[in-house]
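Examining the three-dimensional arrangement
As a plain string of letters, each chain reads:
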Amino acid sequence: MMLSAAALAHRELLKFWRDKARVAGFAAAPLLFWLVVSAGFNDFARFYSGSIALALMFSAVFSNMTLIDDRKEGFLAGVLVTPAPRAGIVLGKVVGAAALAWLQSLVFLLFLPLAGLKPGFFGVLACLGILAVIALLFTLVGFLCAWRMPSTQAFHGVVNMLLMPMWMLSGSLFRFGEAHPWMKTAMALNPMTYGISLLNESLGMEGVFSTLLSLSVLAVWTTGLFGIALFWVGRSDHATA
Amino acid sequence: MLLAVENVSHRYGDLIALNSFSMHMNRREIVGLLGPNGSGKSTLLRLLSTISKPQCGKVEVCGFDAAKHPQAVRARIGVVFQTQTLDKLLTIEENLLACGAFHGLSGRGLIDRVRQVMGQLGIAERRHELCKSLSGGLQRRAEIARALLHEPQMLILDEPTTGLDPVARDDFWLAIEGLRERRSTAIVVSTHLFEEAEKCDSLILLSSGVRVAEGTPEELKATIGGQVVELRARDPQAALESLQSQFDAQMRLIDGVIWVEAEQAHRMIPRLVDALPGEVLSIGFHQPTLGDVFRKMTSRERAAVSV
């Protein structure tokens, strides 16, 4: 299983390296957003976590767009007729794509001094770990969307409809404590809220939920989505060739 | 028995793609699947390659039930699809290395095997080129290399020469026949090129998900008695009716041409022309071809479609 997963993940990274232009934009837009909004509010720390999360979510989900091409162009069918374990296929594709998204989000860490945040060495380390978990979670979201989507255009539409509300209700824009009660319920259901809470905590700000609760919620979501992905890939009737 | 397909049926909604289809195959055999578009060829190959599960009936490869033990079947088959499955942004070698890993090969063994297969198919010198920059013929060869990496006992080829020029097509068939000689690989291939079908040991003719004929190319051609006379007339329908009332021979109208099976065509032709005074535009005859068998077997089908 690990062999197949490693081969697929390696392929993602190789392709990324050869097709750099594909992803250059993903970190740029959230960076611009962060700079403008932070300058406007004259508070560079407040929107920092939310902006990294924005960059990470979009690059994680969109790095699965290659799955649609893989399916259309037949690469996926070529993999599915080999004895590669289905778990290895999902794992390889997801880990590869998540690693790319994670690497792209690291650009933000260069701006830590500008944000006025001083998380220290272990804070940064924790932040890296949390970013990796969020990347994995959203790569799975993207994987599930891409698996069924007929075209990249449809994928764009659906994903935007899903990601924007998830981001807006995550505590990136406004604080959990100040929100209307029904808004709080919506936010509590959103896994991203827990990701933002953890990120804030690791960067030396205040987290809304306890570390343990946040980590558990993220773990349950990630495992659950991985299970669904595995089930779908197992019923491989959907792959064309 | 290498492959056993027993009473397999498969439908997509209301559309029946395969209807109670059976076939058997041994080692070293090359079996061709012939049939018009939508005849069920591709569905059958999807079932054989474990991409789809049969809804009804059983597919067994090397004694393994494809529905219950797909992994065991996948380890024993190599599949070349109609479409390209190699990643265009990777080189031939990178593609093959990845594919070998999917088959559980690794380390030195994997590298050696990839080199060996590339050598066999004459693509070793091009191994560092990206797949998108290769010609159609080379891409197909790389596809076969991919399908052969794990030394499969059965190769499944779905219209493998689509888009190839005649020279590349000949090369492809040389490689396939060489493989059968060297490794006794069984090969099942779908095609709509009669020239390719001639190279198969036996052929299965499919139409609307049902087998309409089966046999060696010679046997199939022998189902047409004698030769085939082709006659073009001013009013084909009227001419056909007139001929049918006068002659006791197999006749049908296919694409506006009257098609007559004649045991001795050179004697038949003058009589046919005499029977239709002033009506005949052209007439000729040829030895039966697989194309004739195909047209004969599927003509009822096509008549139904054109109505």
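Refer to the structure printed above.
None of the values given here were measured: they were computed from a predicted structure. (Residues numbered from 1 in each chain as written. Chains lettered and ligands numbered in written order. Predicted model: local features only at pLDDT ≥ 70, side-chain atom pairs only at ≥ 80, totals over all residues. Heavy atoms only, no water.)

Residues and elements named next belong to chain B. Pairing is mixed in the open sheet, where six strands are placed in the order 6-7-8-3-9-10. In the strand order of this sheet, the two ends are held by strand 6 (77-80) and strand 10 (210-215), each with one partner. This sheet shows a mean twist of 15° between the axes of neighbouring strands, independent of strand direction. Relative to the sheet, helix 5 (residues 136-148) contacts strand 6 and strand 7 (154-158), its axis offset from that of strand 6 by approximately 160°. (Pairing = 2+ DSSP bridges. Helix = DSSP H or I, 4+ residues; strand = E, 2+ residues; numbered from the N terminus. Axes fitted to C-alpha atoms, helices over the stretch in contact; angles between N-to-C directions. Contact = heavy atoms within 4.5 Å.)

Turning our attention to a nonpolar patch on the surface. Residue and element names in this part refer to chain A. Taken together, the side chains of Leu 32, Leu 35, Val 36 and Leu 114 define a hydrophobic patch exposed on the protein surface, amounting to about 360 Å² of accessible area. As for its position among the elements, Val 36 is in helix 2 (residues 24-41). On the accessibility criterion, Val 36 (56% relative accessible area) is exposed. (Patch = residues over 30% accessible without salt bridge, like charges linked within 9 Å, V, L, I, M, F, W, Y side chains within 5 Å. Areas by Shrake-Rupley, 256 points an atom, 1.4 Å probe, with all protein chains shown as cover. Salt bridge = Lys/Arg side-chain N within 4 Å of Asp/Glu carboxyl O. Buried < 20%, exposed > 50% of the residue type's maximum accessible area, 1.4 Å probe, protein only.)

Turning next to the packing of helix 8 (residues 120-148) of chain A against helix 11 (residues 191-202) of chain A. For any two helices packed against each other, one specifies the inter-axial angle together with the distance between the axes. Residues and elements named next belong to chain A. Closest axis-to-axis distance for the helix 8/helix 11 pair is 8 Å, and the angle between their directions is 165°. Comparing their axes, helix 11 and helix 8 come out roughly antiparallel. For the crossing formed where helix 8 meets helix 11, the hand is left-handed. Along its contact with helix 8, which presents Gly 123, Ala 126, Cys 127, Ile 130, Leu 131, Ile 134, Leu 137 and Phe 138, the element helix 11 presents Pro 191, Met 192, Gly 195, Leu 198, Leu 199 and Ser 202. (Parallel < 35°, antiparallel > 145°, perpendicular 65-115°, else oblique. Left-handed = near helix turned anticlockwise from the far one by under 90°.)

One frequent convention defines the size of an interface as the accessible area lost when the parts assemble. Tallying the contact residues gives 27 residues for chain A and 32 residues for chain B. Roughly 2400 Å² of surface becomes buried between chain A and chain B when both sides are summed, with 59% attributable to carbon and sulfur atoms. If you look at where chain A meets chain B, you find four salt bridges. Residues Asp87(B) and Arg11(A) are paired through a salt bridge, measuring 2.6 Å at the closest nitrogen-oxygen approach. For the pair chain A and chain B, the interface holds seven residue pairs in polar contact (both at pLDDT 80 or more). (Buried area = accessible area lost by both parts, 1.4 Å probe. Polar contact = N/O pair within 3.5 Å; in protein donor to acceptor, adjacent residues only side chain to side chain.)

The next subject is helix 6 (residues 86-105) of chain A. Its 20 residues give helix 6 of chain A an end-to-end C-alpha distance of 29 Å, which sits within 8% of 28 Å, the value for a rise of 1.5 Å per residue. Where burial is concerned, most of helix 6 of chain A is hidden: 15 out of the 20 residues are buried. (Expected span 1.5 Å × (residues − 1).)

We now examine the packing of aromatic side chains. Centre distance and the angle of the planes are the two values used to describe a pair of aromatic rings. In total, this model carries 15 aromatic pairs over all chains according to the counting rule given. Summarising the aromatic geometry, the rings of Phe58(A) and Phe62(A) are spaced 5.9 Å apart at their centres and angled 15° between planes, so their arrangement reads as stacked. Within this pair, Phe58(A) and its partner Phe62(A) are both found in helix 3 (residues 48-62), separated by four residues, close to a single helical turn. For Phe58(A), a relative accessible area of 13% corresponds to the buried category. When the centroid spacing of 6.3 Å and the interplanar angle of 80° are considered together, the rings of Phe172(B) and Trp173(B) count as edge-to-face. Judged on exposure class, the residue Phe172(B) and its partner Trp173(B) are both buried. (Phe/Tyr/Trp six-rings, centres within 6.5 Å; stacked < 30°, edge-to-face > 60°.)

Quick look at the sheet that holds strand 13 (residues 257-262) of chain B now. All names here are of chain B. The antiparallel open sheet is built from four strands, whose spatial order is 12-13-11-14. Two strands lie at the open edges of the sheet, namely strand 12 (251-254) and strand 14 (280-286), each paired on one side alone. On average, each strand axis in the sheet is inclined to that of its neighbour by 25°, with strand direction left out of account. With four bridges joining them, strand 12 and strand 13 adopt antiparallel strand pairing.

All names here are of chain A. For the structure shown, the criterion picks out three cavities of 30 Å³ or more. If you add up the space inside the largest cavity, you get close to 70 Å³. For the lining of the largest cavity, the class distribution of residues is six nonpolar, three polar and one charged. A volume near 50 Å³ is recorded for the second largest cavity. Within the residue set of the lining of the second largest cavity, elements represented by two or more residues are helix 4 (65-73), helix 5 (75-80), helix 6 and helix 8. Tallied by class, the residues present in the lining of the second largest cavity amount to six nonpolar, no polar and two charged. (1 Å grid on protein atoms, 1.4 Å probe; cavity = no way out; pocket = protein on both sides within 12 Å on 5 of 7 lines; lining within 4 Å. Points joined across faces, edges and corners; volume = space filled by probe spheres on them. Nonpolar A, V, L, I, M, F, W, Y, C, P; charged D, E, K, R; others polar.)

Once that is clear, we can look at the nonpolar core. The biggest cluster of nonpolar side chains holds 67 residues, and the ones touching the most others in it are Tyr48(A), Phe138(A), Phe143(A), Phe155(A) and Phe102(B). Among the elements that take part in this core, helix 8 of chain A stands out by supplying 14 residues, more than any other. Sequence-distant contacts of Phe143(A), defined by excluding residues within four places in its chain, comprise Asn64(A), Leu67(A), Val90(A), Lys93(A), Val94(A), Ala229(A) and Val233(A). Counting residues in hydrophobic clusters, the runner-up holds 43 residues, among them Val80(B), Cys200(B), Leu203(B) and Phe294(B). (Core = buried A, V, L, I, M, F, W, Y, C linked by side-chain atoms within 4.5 Å.)

Residue and element names in this part refer to chain B. In this structure, Asn 7 takes a positive phi of about 45° despite not being glycine. Relative to the elements of secondary structure, Asn 7 occurs in strand 1 (residues 3-12). Phi at Thr 50 takes a positive value of approximately 65°, unusual for a residue other than glycine. Tracing the backbone shows Thr 50 in the loop between helix 1 (41-48) and strand 4 (56-61). Residue Thr 50 is classed as buried on the basis of its relative accessible area of 7%.

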